[in-house]
Amino acid sequence: LRPENALKRAEELISVGESQAALQSLFDFFTARRIRFAEPSSVEPIVFRFLELGVDLKKGRMIKDALHQYKKLVQGSPEGLASVSAISRKFIDIVEKKIAVEQAKEDAKIEEEDEDLESNITPENLLLSAYEEDQSVAGFNDEALTSWMRFTWESYRAVLDLLRNNSQLEITYSGVVNRTM
């Protein structure tokens, strides 16, 4: 159960297409009580990889639980709290990069459509879509982007929950609040 072995095992699982199993493997590693005695700096790469994989798979609840478990295990030392701060900032960075990529994809899709946006919108289509509660007329429903926005909001809330009520994490908390706004 050394950090290098856990990371190697996760990479092997990812390479064979078992991302969910890799995520669970990393979760099990850094929520184990044994890491309480490990240096937080040796566990951080595993947590970073877990966060990247969790964001790709949109596992917000699992990430939130893992971050709280990790904080509980390492908060006894100043190095542990510094690690929690670094991990929180990295998590927000990963989420913001992912939402930017999704926004760019959506913008590219809109630019590919050469037709006039209003050409498909007729009063009949608009009324019909309102009646059917389907907002897909002329791209008004961007389900992928909406789900990523929801995930981003949940991520901000999870990090703010993680950092609150700790005077040594106030600066990081303040930074996350500013980024959220």
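Residues numbered from 1 in each chain as written. Predicted model: local features only at pLDDT ≥ 70, side-chain atom pairs only at ≥ 80, totals over all residues. Heavy atoms only, no water.

**Concerning the pattern of salt bridges**
The full count for this structure, using the stated rule, is eight salt bridges. The shortest N-O distance in the salt bridge between Glu52 and Arg49 comes to 3.2 Å. Here the residue Glu52 and the residue Arg49 both occupy positions in helix α3 (residues 40–57), the gap between them amounting to three residues, near one helical turn. The partly exposed category is assigned to Glu52, whose relative accessible area is 28%. (Salt bridge = Lys/Arg side-chain N within 4 Å of Asp/Glu carboxyl O. Helix = DSSP H or I, 4+ residues; strand = E, 2+ residues; numbered from the N terminus. Buried < 20%, exposed > 50% of the residue type's maximum accessible area, 1.4 Å probe, protein only.)

**Details of α3**
Across its 18 residues, α3 extends 25 Å between first and last C-alpha, which sits within 8% of the 26 Å expected from 1.5 Å per residue. Those residues of α3 not exposed but buried are Pro40, Val43, Glu44, Ile46, Val47, Arg49, Phe50, Leu51, Leu53, Gly54 and Val55. Once α3 ends, the next one or two residues include Lys58, with phi positive near 55°. (Expected span 1.5 Å × (residues − 1).)

**Side note on the environment of Val95**
The topology assignment puts Val95 in helix α5 (residues 78–112). Taking relative accessible area as the criterion, Val95 reaches 3% and is therefore assigned buried. For the pair Val95 and Asp56, spaced 39 residues apart in sequence, the C-alpha separation works out to 9.1 Å. Val95 has contacts with Val55, Phe151, Thr152 and Ser155, leaving out every residue within four places of it along the chain. (Contact = heavy atoms within 4.5 Å.)

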